[in-house]
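Remarks on the overall topology
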Amino acid sequence: MIEVKDIYKTYGKTQAVKGIRFSIKDGECYGLLGPNGAGKSTTINMLSTLFPPDSGEIVIDGLDIKKSPGDVKKILGVVPQEIALYANFTAWENMLFWGGLHSIPKSELHKKAQDLLVFVGLADRKDETIKSYSGGMKRRINLACALLHSPKILLLDEPTVGVDPQSRNMIFELIEQLNREGMTIIYTTHYMEEAERLCDRIGIIDSGLIVAQGTLEELKKQSEVKDVIVVECGKTPDESLLSATLGLPVKAIDHTVYIETSDSKKDLTRCVIGCSNAGYEIHHIDIQKANLENVFLKMTGKQLRD
Amino acid sequence: MRKILAKELKSFFKDKRAFLLAFLLPIILITVFSLAFGGGGNNDTVRQLPLLVADEDKSAVTIKTINDIDSAKMIEVIPCSFDSAVDLIRTGKRTSVLVFRKGFSDSVKAMKKLPWEFQYDAARAEETGMLQSLLTRTLYGSVGKIMSRQAILKNISAQFPFMDSATRRTVFAQVTKNFDAGNSANNDTQNNMKLNTVSVVSAKPGNVGLVHAVAGTAVMMLLFSLTGMGGALLDEKEQGTLKRLLYSPVQSSDILLGKMAATVIVASFQLVVMFLFSATVFHLQIATKIVPLAIMILATAIACSGFGVFLATVARSRQQLQGLSTLIILSMSVIGGSMIPTFVMPPWMQSISVFSINYWSIQGFYDILWRDLPIGGILLERVGVLLAIGLVLTILSFRFFRKNVLALD
């Protein structure tokens, strides 16, 4: 569905994108995860034909974006990072305006707008101006406006910035529903939990490069990041004794022992029994699952929110 | 308190825009206004008011009189034929003409009513009033002297018919010497010298100021409001709606053209409302001039819209736009005649008034509402200039729109 081949983009002296390459299958939800300034928005802007890459190629649904930007725009829906709506217009007026730009016949547009207002749960407030909406409601209309022309592909550029957890959850549910219905989605974020929840595959982007990509499991494998079983004992454990007993890498700091495992579920009982047999009284047990944050840290050497 | 004071001053001087608005903008405006009102205080050069002179008599008396007028400090004589003088006045290029009709010299000698006229453009009443007053003073000192001498000579001859010519010359010399010292003409002479004044354009008492007030104010306010409207482009950029428009199938040129079309419509509507208001409340006569007025309104709207959108594409932010527009619009309004009549300005400044939209627009409205000019000729020239300004600014707007506004990242 989407082929991105070695794209580069430079603004003045800043090279924002330095040879990004990825491909997305039909119906897939692909996440671009990276900190602010990593090149996510630049990539989205190039995908959405706002400007072409300096070099490289982007093919969407068989269309080269440089050669057929108009046709590409017809199959793309873009949800920008900003609340890109006219605050003095009502939700209904906004929807008719943005939908009207796609030359949708009037009756069809009215029906679609009404359906989408129901979909985002704002049908009963469609005649209120956007400025009277809460942040979460604005985000939902922002999303709805990108769907009016029934795009095949939806690009979402950090669509939950500044949204409360409840509204964020609602937006996730909407995106999941769209994806279930077969829409191909590209989702940029710097929140790892969003990427973990929504995306089938994730590209980790940093300083204009994709440093790793794949499913969460594939990324864990690539980065060799493992789950950690944390056992708090009554006294300082002997690292080498425990490591030999459990057959797993062990690190002890004060009264706490950190046991690395690629399958925490399977090894948990063994760890508890091993510690107990070694004579350590167990006060507390916790499992730190390998997550994108660890993966990102391992891959880039920096925290995701740096 | 000291810490707050120090913080306030520090933040003020750190804010370059506030600093510029507080100091640089007033300094520039003071300079523009001062220059418009005649320049610095120690300026010794006297500004001359131009006066067309049509000499149909071409006698020694008229030549001497014209030379006397020309030597007056504040009047600049421009000789020309009567017909071309009337044309120049009708089209607003000159304000007035002094006409010496045939037989002027004979009338002076015969001490009859003088056949001369001062024809003027009542639309520029202040300027012609000043000129007329200067002219009267000069003429009384020149023609008045000639006519008074004729009267004295006539009286001496009548009262002392047997006086020999040598004695008569001596008496005449003595009397005229004393008379010149008094420098005044008697009542009969004053009556005969009375300058006939004629308005070249049809007179509409009370309307001149109204036309100036409506046209001058309307154009200035239009420039301000359209700059604000053009500035919405910058808001769209800041709020992300511009980016969203670019994500849609709409062409970037359509965005700018749509914006311009909207400003032209709003501007036209604004001007229509202003003229209708003036017609209703102040009885401005527009009923018989709907077509030329509509043409001028549209041309003004196009020029002003081009200006508003152009400024918005040049500025990088709303704040920059605000400073820039205040400076340029006030300057244009001063030199273009929206705020003060152009005639009080020094000649060099009058010559640059053509670089303002205000000038062309105000003169166009004068042509229609005061000078009663038909569509064509000078009126079309003014419309053409306004349309050309609109076109050039639109072309420049496209250039700056791509360079400044569409540079999204």
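Look above for the structure.
What you see is a predicted model; the values in this text were computed from it and never measured. One numbering rule holds for all chains: residues counted from 1, following each sequence as written. Ligands are numbered from 1 and chains lettered from A, in the order in which they are written. At least 70 in pLDDT is required for a residue's local features to be given in this predicted model, at least 80 for side-chain atom pairs to be given and counted, and no such filter applies to totals for whole chains, interfaces and linings, which use all residues.

**Quick notes on the overall build of chain B**
Put simply, the rule is: For helices the rule is a DSSP run of H or I covering at least 4 residues; for strands it is a run of E covering at least 2, with both sets numbered from the N terminus onward. Between the buried cut of 20 or more and the exposed cut of 12 or fewer other C-beta atoms within 10 Å of a residue's own C-beta lies the partly exposed class, and all C-beta atoms are placed from the backbone.
On a plain count of helices and strands, chain B comes out with 17 helices and five strands. Of all 409 residues assigned to chain B, the portion counted as buried reaches 35%.

**Here we look at the packing of helix α9 (residues 239-246) of chain A against helix α10 (residues 264-277) of chain A**
Residues and elements named next belong to chain A. Selection rule: Angles run from 0 to 180 degrees between N-to-C directions of axes, and those axes are lines fitted to C-alpha atoms, restricted for helices to the stretch in contact. Just so you know how the angles are binned, under 35 degrees is roughly parallel, over 145 roughly antiparallel, 65 to 115 roughly perpendicular, and the rest oblique. Less than a right angle of anticlockwise turn of the near helix away from the far helix marks a crossing as left-handed, whereas a clockwise turn marks it as right-handed. Once C-beta atoms have been placed from the backbone, residue pairs whose C-beta atoms lie within 7 Å are recorded as contacts. Under the convention adopted here, Pro, Cys and the residues Ala, Val, Leu, Ile, Met, Phe, Trp and Tyr are nonpolar, Asp, Glu, Lys and Arg are charged, and Gly plus all remaining residues are polar.
α10 packs onto α9 with a crossing angle of 130° between their chain directions and a minimal axis gap of 10 Å. Between α9 and α10, the interaxial angle falls into the category oblique. Where α9 crosses over α10, the handedness of that crossing is right-handed. For the pair α9 and α10, contact is made by L242, T245 and L246 and by R270, C271, G274 and C275, respectively. Classifying every residue of the contact of α9 with α10 by side-chain character gives four nonpolar, two polar and one charged.

**Digging into the interface of chain B and chain A**
Contact residues are listed per partner, giving twelve residues for chain B and 15 residues for chain A. Here the side of chain B that touches chain A takes five residues from helix α11 (residues 241-247) of chain B, the largest share from any one element. Along the lines of polarity and charge, the residues of the side of chain B that touches chain A split into five nonpolar, four polar and three charged.

**Considerations on the nonpolar core**
For clarity, the cut-off: Think of a nonpolar core as buried Ala, Val, Leu, Ile, Met, Phe, Trp, Tyr and Cys residues, each tied to the set through C-beta atoms within 7 Å.
Counting residues in each nonpolar core, the largest one holds 71 residues, and the members touching the most others are A:A144, A:L154, A:L155 and A:I185. The greatest single-element share of this core, amounting to five residues, is contributed by helix α5 (residues 135-145) of chain A. Sequence-distant contacts of A:L155, that is, excluding residues within four places in its chain, are made with A:I44, A:L47, A:S48, A:L76, A:V78, A:V79 and A:I186. The next biggest cluster of nonpolar side chains, apart from the first, holds 54 residues, and it includes B:L284, B:A315, B:I335 and B:W360.

**Description of helix α6 (residues 165-180) of chain A**
Residue and element names in this part refer to chain A. Note the cut-off: To estimate the expected span of a helix, subtract one from its residue number and multiply by 1.5 Å. Taken from the helix axis, the directions to the C-beta atoms give the arc we talk about.
With 16 residues, α6 should reach 22 Å at 1.5 Å per residue; the first-to-last C-alpha distance of 22 Å fits that figure. If you check which residues of α6 are buried, you get I171, L174, I175 and L178. Across the axial projection of α6, the buried residues extend over an arc of 95°, all falling on one side. Residues of α6 that are exposed and angled more than 90 degrees away from the buried face: P165, Q166, E173, Q177 and R180.

**Digging into the environment of B:G337**
Residue and element names in this part refer to chain B. As for its placement among the helices and strands, G337 is situated in the loop between α14 (318-336) and α15 (347-352). By C-beta crowding, G337 is classed as buried, having 27 other C-beta atoms within 10 Å. Once the C-alpha coordinates of G337 and A215 are considered, the two residues, 122 residues apart in sequence, prove to be 9.8 Å apart. Not counting the four nearest positions on each side in its chain, G337 is found in contact with G216, T342, S353, N358, Y359 and I362.

**Brief notes about the pairing of strand β3 (residues 96-100) of chain B**
Residue and element names in this part refer to chain B. We count it as follows: The pairing criterion is simple: DSSP has to find at least two bridges between the two strands.
Where burial is concerned, most of β3 is hidden: five out of the five residues are buried. In β3, alternate side chains face the same way, and those of S96, L98 and F100 on one face and V97 and V99 on the other are all buried. Sheet topology note: the strand β1 (residues 49-55)/β3 ladder contains four bridges and is parallel. Within β3, the position partnered with V53 by the bridge is L98.

**Section: the sheet that holds strand β2 (residues 14-24) of chain A**
Residue and element names in this part refer to chain A. Across the sheet, which stays open at both edges, the four strands sit in the order β2-β1-β4-β5 with antiparallel pairing between neighbours. This sheet does not close on itself; its edge strands, each paired only once, are β2 and β5 (63-64). Here five bridges tie strand β1 (residues 2-11) to strand β4 (residues 55-60), and the two strands are oriented antiparallel to one another. If you follow Y8 over to β4, its bridge partner there is S55. Lying on the sheet, helix α1 (residues 40-47) is in contact with β1, β2 and β4; it crosses β2 at an angle near 60°.

**Some words on unusual backbone geometry**
Residue and element names in this part refer to chain A. Within the chain, S207 stands out as a residue other than glycine whose phi angle is a positive 50°. Locating S207 in the fold gives a position in the loop between β9 (201-206) and β10 (209-214). Even without being a glycine, D254 presents a positive backbone phi close to 50°. Position of D254 relative to the elements: it lies in the loop between β12 (250-253) and β13 (256-261).

**Some details on the sheet that holds strand β8 (residues 184-189) of chain A**
Residue and element names in this part refer to chain A. Here we have six strands laid out as an open sheet, ordered β6-β7-β8-β3-β9-β10, and mixed in their pairing. Two strands bound the open sheet, and with one partner strand each, they are β6 (76-79) and β10. Within this sheet the neighbouring strands show an average axis-to-axis angle of 15°, counted without direction. Looking at chain direction, strand β7 (residues 153-157) and β8 are connected through five bridges and run parallel. Bridge pairing links I153 to T184 in β8.

**Topic: the packing of helix α3 (residues 91-100) of chain A against helix α4 (residues 106-119) of chain A**
All names here are of chain A. Put simply, α3 and α4 touch, their axes get as near as 10 Å, and they point 130° apart. Between α3 and α4, the angle falls in the class oblique. As for how α3 packs across α4, the hand of that crossing is right-handed. Of the residues in α4, those touching α3 at A91, W92, M95, L96, G99 and G100 are L109, K112, A113, L116 and L117. Counted by class, the contact of α3 with α4 contains eight nonpolar, two polar and one charged residues.

**So, the environment of B:N67**
All names here are of chain B. By secondary structure assignment, the location of N67 is in helix α3 (residues 60-70). Assessed through the 11 C-beta atoms surrounding it within 10 Å, N67 is described here as exposed. Residues N67 and V77, ten residues apart in the sequence, show an inter-C-alpha distance of 8.6 Å.

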